[in-house]
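A closer look at the structure
Below, each chain spelled out in residue letters.
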Amino acid sequence: TSDPNSYIQNNHLDIIVSPYLVDVARLLSPIRKGRVFAFIRNPMDRELANYHRLTTLPRDHPDYNSAYDSMTLRGYVHSKHAGSNFLTRFLIEEDHNPGYKITPDDLERAKVILRQKVLVLMPEYMNESINGRLKFFFSSSGWDAGASFSCIGDLFNEPYQNRQQFPVLEHNSYEWNALSLINHVDI
């Protein structure tokens, strides 16, 4: 069956990989416990990668728009495509509401979720994260990771190594400062 809930109910899953944290959390319960780990990118790196993704989409990609062909980074910064505190919005379930103004209480709630519920890993330290922190995280629960770490490595390590390298966004440049302003909560 392709219903994830049936796999969870029958204890056939060791790992769920999903960008839909809230939806996956709803599948779990005090009986069907789960642990969350997340690779979280620096917001400025995330924005630069999104800009490069948009401007290099092939013409047959569903997200392609001819306006992206000539979009400069400065143009991206002022477009609707530039993020606005994506991580915080995601954690407080306001990621589909771009007009929502994040409050200090929202920021605190997001911090509590990260601090209490998530093992935060950094993509730039992928190998160390996979080989050290995750093993500790799972072995402390009594879970025998076995072959699952090979699977985790296949899912995260290999694809990350193959990602394009983008030019670094110059610190204190116009674009850096503009992106910092619209992502100030995530930073």
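Residues numbered from 1 in each chain as written. Predicted model: local features only at pLDDT ≥ 70, side-chain atom pairs only at ≥ 80, totals over all residues. Heavy atoms only, no water.

So, about the overall build of the chain. Along its length, the chain carries nine helices and two strands. Starting at the N terminus and walking to the C terminus, you meet the elements of the chain as α-α-β-α-α-α-α-β-α-α-α. For the chain, buried positions account for 32% of its 187 residues. Pairs at least 24 residues apart make up 61% of the contacts formed inside the chain by residues separated by at least 6 positions. A total of about 12400 Å² of accessible surface is found on the chain, and carbon and sulfur atoms cover 53% of it. (Helix = DSSP H or I, 4+ residues; strand = E, 2+ residues; numbered from the N terminus. Buried < 20%, exposed > 50% of the residue type's maximum accessible area, 1.4 Å probe, protein only. Contact = heavy atoms within 4.5 Å. Areas by Shrake-Rupley, 256 points an atom, 1.4 Å probe, with all protein chains shown as cover.)

Under the criterion given, the structure shown has seven salt bridges. Here Asp23 ties to Arg26 by a salt bridge, and the two come within 3.4 Å at their closest N and O atoms. Of the two residues, Asp23 and Arg26 are both situated in helix H2 (residues 21-27); the distance of three residues between them amounts to about one turn of the helix. Given the relative accessible area of 57%, Arg26 is considered exposed. Measuring nitrogen to oxygen at the nearest pair gives 3.6 Å for the salt bridge that ties Arg74 to Glu175. In this pair, Arg74 is assigned in helix H4 (residues 73-77) and Glu175 in helix H9 (residues 174-182), connecting sequence segments 101 residues apart. The exposure class assigned to Arg74 is partly exposed, which follows from its relative accessible area of 41%. (Salt bridge = Lys/Arg side-chain N within 4 Å of Asp/Glu carboxyl O.)

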